[in-house]
Amino acid sequence: MAAWADLSGGLEPVAVGLWPPGEAPPAFQYSPDNVAGADGDIDPTEITFPGCSCLTSSCTVHVCSCLRLGENYNSLCLRPTGEEEEYARPVFECNAMCRCGESCQNRVVQRGLQLRLEVFKTEKKGWGLRTLEFIAKGRFVCEYAGEVLGFNEARRRIQAQTSKDSNYIIVVREHLHNGQIMETFVDPTCIGNIGRFLNHSCEPNLFMVPVRVDSMVPKLALFAATDISAGEELSYDYSGRFHNLPITNREQKSLEEDNRLRKPCYCGSRTCSSFLPWDSSLFSAPDTCSGSSP
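This is a predicted model, so every value here is computed, not measured.

(A) Representation of the sheet that holds strand β1 (residues 17-19) within the structure. Overall, mixed pairing links the three strands, which are arranged β1-β7-β8 in an open sheet. Each of the sheet's edge strands pairs with one partner strand only, and the pair in question is β1 and β8 (127-131). Each strand of the sheet is rotated relative to its neighbour by a mean of 25°, with strand direction disregarded.

Rendered as C-alpha cells:
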C-alpha cells in the first residue's frame, strides 16, 4: 500500500488496511463491538454475569469460576476440541466484574483485533479480508460484530432483501444439553466491523466460536483453523458446519430444493459445493421456523 489508511477510523487496537488505494467499499458505520439492534430486543453491552474472585494476574482451572468447563486458551490460542467432542464447546472469558487483572490469559476475544489485516477488492467476490502477517493455528483473528437482533427483526430484514442485495445477517444456533436451541442473529450491514468482509469458503481457514464475556449474548469470534501465511485471504464456512457435525441427508435434500434461490460460490476449493450456504428458516412462516435446527 502506498499509504496506511485505517478503515476502522482508529476504533480498533490495530489499524485496518484498505486496498487498492483510491477505492473503498460501500459506506457503513464502523463498530468493533456488537450493538443493540433497531428492535431493541437485546442489549449486548449489558453486564449480567458475576465475576470471579481470583486475586491473581491470571486465572487457573479448578480455581476460577469462569473456567468451570476447563482451560479456554493456551498462549493466546484456543484449546483444541477433543476427539470425543462433536461440537465446538462453549467459551466463557473473564469479564468486567472479575477481580483478576487485564493480563489474565482468559481475556482474549474481548481485547479486540491484535493482527494486521487488510480489506481488499477480490476478482469475483467483491471485497474480502486478508492477513498481512503469519497467524498461528488457534489464534483469535477477529469478531463478526454488528447489530444484535431479535428473530422477528432479523426475519423482516431478510425478507426485505432483493436478489441483488448482499446478505450479511448471520444466524448462529447453539444446541444445548437439554435439547433446546439458542439463536443469535447479528447484522453488520449498516453497523459492523471487519468481520463483514469475510468471504465464504468450502475449505475455510477460520472457524467461528460463540464466546461469552459479560452476558449470554455471545461474541461471534473467528479463530485460525490452520497456520495462515501472510497475504492469504481469510474465510469461514457460512453454514457453521466446519468443526461441527456433517450435514444430514434431510438437510441435503432441503438444500438441493433451495438451489434455485441460492447464490453461486466462487471459493475455488477442491470440495466447492457450487453454491453459498442457504438458511431458509428466515423465509418461513413465524410459527414454523422459530427454534428450528440448522
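(B) Up close: the confidence of the model for the chain. On average, residues of the chain score 86 in pLDDT, and 81% of them are at 70 or above. Considering only residues more than four positions removed or in separate chains, one finds that residues 247-255, a stretch of pLDDT under 50, has eight contacts. Per-residue pLDDT stays below 50 along residues 285-294; that stretch engages in 19 contacts with residues further than four places along the chain or on separate chains.

(C) Inspection of the pattern of salt bridges at higher detail. Under the defined criterion, the tally for this structure stands at eleven salt bridges. In this structure, Glu 23 and Lys 121 form a salt bridge, with 2.8 Å as the shortest nitrogen-oxygen distance. Residue Glu 23 is found in the loop between β1 and β2 (29-30), and its partner Lys 121 is found in strand β7 (residues 117-121); the two are separated by 98 residues along the sequence. For Lys 121, a relative accessible area of 45% puts it in the partly exposed group. With a shortest N-O distance of 2.8 Å, Glu 153 and Arg 157 are connected by a salt bridge. One end of the pair, Glu 153, and the other, Arg 157, are both in helix α1 (residues 151-159), four residues apart, so they sit about a helical turn from each other. The same class applies to Glu 153 and to Arg 157, which are both buried. Each of Glu 147, Glu 153, Arg 156, Arg 157 and Asp 187 takes part in a single network of salt bridges with overlapping partners.

(D) Representation of the pairing of strand β12 (residues 181-192). Sheet topology places β2 next to β12; two bridges connect them, and they run parallel. Residue pairing for β12: Tyr 30 is matched across the bridge by Gly 192. As judged from the four bridges shared by strand β10 (residues 146-149) and β12, these two strands associate in the antiparallel manner. Counterpart to Val 148 in the pairing with β12 is Val 186.

(E) Spatial organisation of the sheet that holds strand β15 (residues 219-224). Judged by pairing direction, the sheet is mixed, and its four strands sit side by side in the order β6-β14-β15-β9 without closing on themselves. Each edge of the sheet is formed by a strand with only one pairing partner; in this case those strands are β6 (91-92) and β9 (140-143). Looking at chain direction, β6 and strand β14 (residues 206-212) are connected through two bridges and run parallel. When the sheet's bridge partners are listed, Val 91 is paired in β14 with Val 211.

(F) Inspection of empty space enclosed by the protein at higher detail. Taken as a whole, this structure holds two cavities of 30 Å³ or more when the rule is applied. Considered as a void within the structure, the second largest cavity measures approximately 30 Å³ in volume. What lines the second largest cavity is Leu 67, Glu 71, Asn 72, Tyr 73, Gln 105 and Asn 106. Here the lining of the second largest cavity is composed, by residue class, of two nonpolar, three polar and one charged.

(G) View of the packing of aromatic side chains. For the coordinates displayed, the defined rule picks out nine aromatic pairs. On the numbers, 5.7 Å between centres and 65° between planes, the contact of Phe 28 with Phe 197 is edge-to-face. Highlighted residues: Phe 28 in the loop between β1 and β2 and Phe 197 in the loop between β12 and β13 (199-200), separated in sequence by 169 residues. In this structure, Phe 28 and Phe 197 share a single accessibility class: buried. Put simply, the rings of Tyr 73, Phe 140, Phe 207 and Phe 223 touch in pairs and so form one group of aromatic residues. The aromatic ring of Phe 28 is capped on one face by Arg 196, whose charged end is 4.0 Å from the ring centroid. Over the ring of Tyr 168 we find Arg 196, and its NZ or CZ is 4.5 Å from the ring centre.

Conventions adopted
Residues numbered from 1 in each chain as written. Predicted model: local features only at pLDDT ≥ 70, side-chain atom pairs only at ≥ 80, totals over all residues. Heavy atoms only, no water. Pairing = 2+ DSSP bridges. Helix = DSSP H or I, 4+ residues; strand = E, 2+ residues; numbered from the N terminus. Axes fitted to C-alpha atoms, helices over the stretch in contact; angles between N-to-C directions. pLDDT = per-residue confidence, 0-100. Contact = heavy atoms within 4.5 Å. Salt bridge = Lys/Arg side-chain N within 4 Å of Asp/Glu carboxyl O. Buried < 20%, exposed > 50% of the residue type's maximum accessible area, 1.4 Å probe, protein only. 1 Å grid on protein atoms, 1.4 Å probe; cavity = no way out; pocket = protein on both sides within 12 Å on 5 of 7 lines; lining within 4 Å. Points joined across faces, edges and corners; volume = space filled by probe spheres on them. Nonpolar A, V, L, I, M, F, W, Y, C, P; charged D, E, K, R; others polar. Phe/Tyr/Trp six-rings, centres within 6.5 Å; stacked < 30°, edge-to-face > 60°. Lys NZ or Arg CZ within 6 Å of the ring centre and 35° of its normal.

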